[in-house]
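So you can see what is in the structure, the chains are spelled out below.
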Amino acid sequence: QVQLQESGPGLVKPSQTLSLTCAVSGASISNGGFYSSWIRQRPGKGLEWVGHIHYSGNTYYSPSLKSRVTISMDASKNQFSLRLDSVTAADTAVYFCARDLGREIDYWGQGTLVTVSS
Amino acid sequence: DIQMTQSPSSLSASVGDRVTITCRASHSISSYLNWYQQKPGKAPKLLIYAASSLQSGVPSRFSGSGSGTDFTLTISSLQPEDFATYYCQQSYTIPITFGQGTRLDIK
């Protein structure tokens, strides 16, 4: 059974950097043809794709966030990370990590709320 | 970006009803269309992938159809646990995009 678990600060100050990590169990992120993804959901809103990293190391980002986002992976720890720079209140959201098979997203973490506030 | 538009945005129905939710893509996406169910405070759950394939473990009352730009999710007989928000998602091209969601409430 594949499981994903997000971790990181729940509160970030404006203009600072949001950093989250997703620990994966039950599957290796460095094997197989899938993508390790980040998706967010602003309070009361719909789902927004942030980006993903392929097991080969290639990354793909939402054009609206591309200038501020970095997704990386640590195969030795079987985890991947999200970094979002220069955050504002508009980045307040529940952030989900997920496994994308390239056609569908089959496993999701429970999500973690990150609030941007001074 | 490919825009995904769901209709209706909200829907009230009763247990036992047959319900259909539609999703329209701004460009053809072949069958690269998935449906998810999300309950409050929970992560989305994959229901249907590749437009019409039922994810393992999902009840057979859920079905999907369509290709190109027009897709539907049908629940043949609503059960109490089906009241939730439903999202379509295209995986045809980057950026991946979702519909705005359809909230299904108890009438």
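Residues numbered from 1 in each chain as written. Chains lettered and ligands numbered in written order. Predicted model: local features only at pLDDT ≥ 70, side-chain atom pairs only at ≥ 80, totals over all residues. Heavy atoms only, no water.

Trainee: Sorry, what's going on with the overall build of chain A here?
Mentor: From N to C terminus, chain A includes zero helices and eleven strands. Counting helices and strands in the order they occur from the N terminus, chain A gives β-β-β-β-β-β-β-β-β-β-β. In terms of C-alpha radius of gyration, chain A reaches 13 Å, essentially the compact-globule figure of 13 Å for 118 residues. In terms of principal-axis extent, the alpha carbons of chain A reach across some 40 × 25 × 25 Å. Looking at the 118 residues of chain A, the share that counts as buried comes to 47%. Put simply, 53% of the contacts in chain A that link residues at least 6 apart link residues at least 24 apart. As displayed, chain A has an accessible area near 5,300 Å², and 46% of this comes from carbon and sulfur atoms. Counting 10 positive and 8 negative side-chain charges, chain A places the averaged centre of each group 6 Å from the other. (Helix = DSSP H or I, 4+ residues; strand = E, 2+ residues; numbered from the N terminus. Rg over C-alpha atoms; globule rule 2.2 N^0.38 Å. Buried < 20%, exposed > 50% of the residue type's maximum accessible area, 1.4 Å probe, protein only. Contact = heavy atoms within 4.5 Å. Areas by Shrake-Rupley, 256 points an atom, 1.4 Å probe, with all protein chains shown as cover. Lys, Arg positive; Asp, Glu negative; His and termini not counted. Charge placed at Lys NZ, Arg CZ, Asp CG, Glu CD.)

Trainee: Is there a simple way to think about the packing of aromatic side chains in this case?
Mentor: A ring pair, where both rings are aromatic, is described by two values, the distance of the centres and the angle of the planes. In total, this model carries seven aromatic pairs over all chains according to the counting rule given. Relative to Phe80(A), the ring of Trp38(A) lies with its centre 5.5 Å away and its plane at 65°, an arrangement referred to as edge-to-face. Within this pair, whereas Trp38(A) is found in strand E4 (residues 35-41), its partner Phe80(A) is found in strand E8 (residues 79-84), the two being separated by 42 residues in sequence. With 5.7 Å between their ring centres and 80° between their planes, Trp108(A) and Tyr36(B) make a pair best called edge-to-face. Here Trp108(A), found in strand E10 (residues 105-108), pairs with Tyr36(B), found in strand E4 (residues 33-38), and the two come from separate chains. Both residues of the pair, Trp108(A) and Tyr36(B), belong to the buried class. Ring pairing ties together the aromatic residues Phe96(A), Trp108(A), Tyr36(B) and Phe98(B), which thus form one cluster. (Phe/Tyr/Trp six-rings, centres within 6.5 Å; stacked < 30°, edge-to-face > 60°.)

Trainee: Sorry, what's going on with the state of the cysteines here?
Mentor: By definition, a disulfide links the sulfur atoms of two cysteines through a covalent bond. As enumerated under the stated definition, the model contains two disulfides over all chains in all. The residue that forms a disulfide with Cys22(A) is Cys97(A), at a sulfur-sulfur distance of 2.1 Å. Between Cys22(A) and Cys97(A), the S-S torsion sits near 65°, and that sign places the bridge as right-handed. Separated by 75 residues along the polypeptide, Cys22(A) in strand E3 (residues 18-25) and Cys97(A) in strand E9 (residues 93-100) bring together distant segments of the chain. For Cys97(A), a relative accessible area of 0% gives the class buried. Two residues share a disulfide in this structure: Cys23(B) and Cys88(B), whose sulfurs sit 2.1 Å from each other. For the disulfide bridge between Cys23(B) and Cys88(B), the dihedral angle about the S-S bond is near 70°, and by the sign convention the bridge is right-handed. On the criterion of sequence distance, the pair formed by Cys23(B) in strand E3 (residues 19-25) and Cys88(B) in strand E9 (residues 85-90) is long-range, its members being 65 residues apart. Taking the relative accessible area as the measure of exposure, Cys23(B) reaches 2% and is therefore buried. With relative accessibility at 0%, the residue Cys88(B) sits in the buried group. (Disulfide = S-S within 2.5 Å.)

Read these as layout, nothing more, since geometry by itself doesn't imply function.
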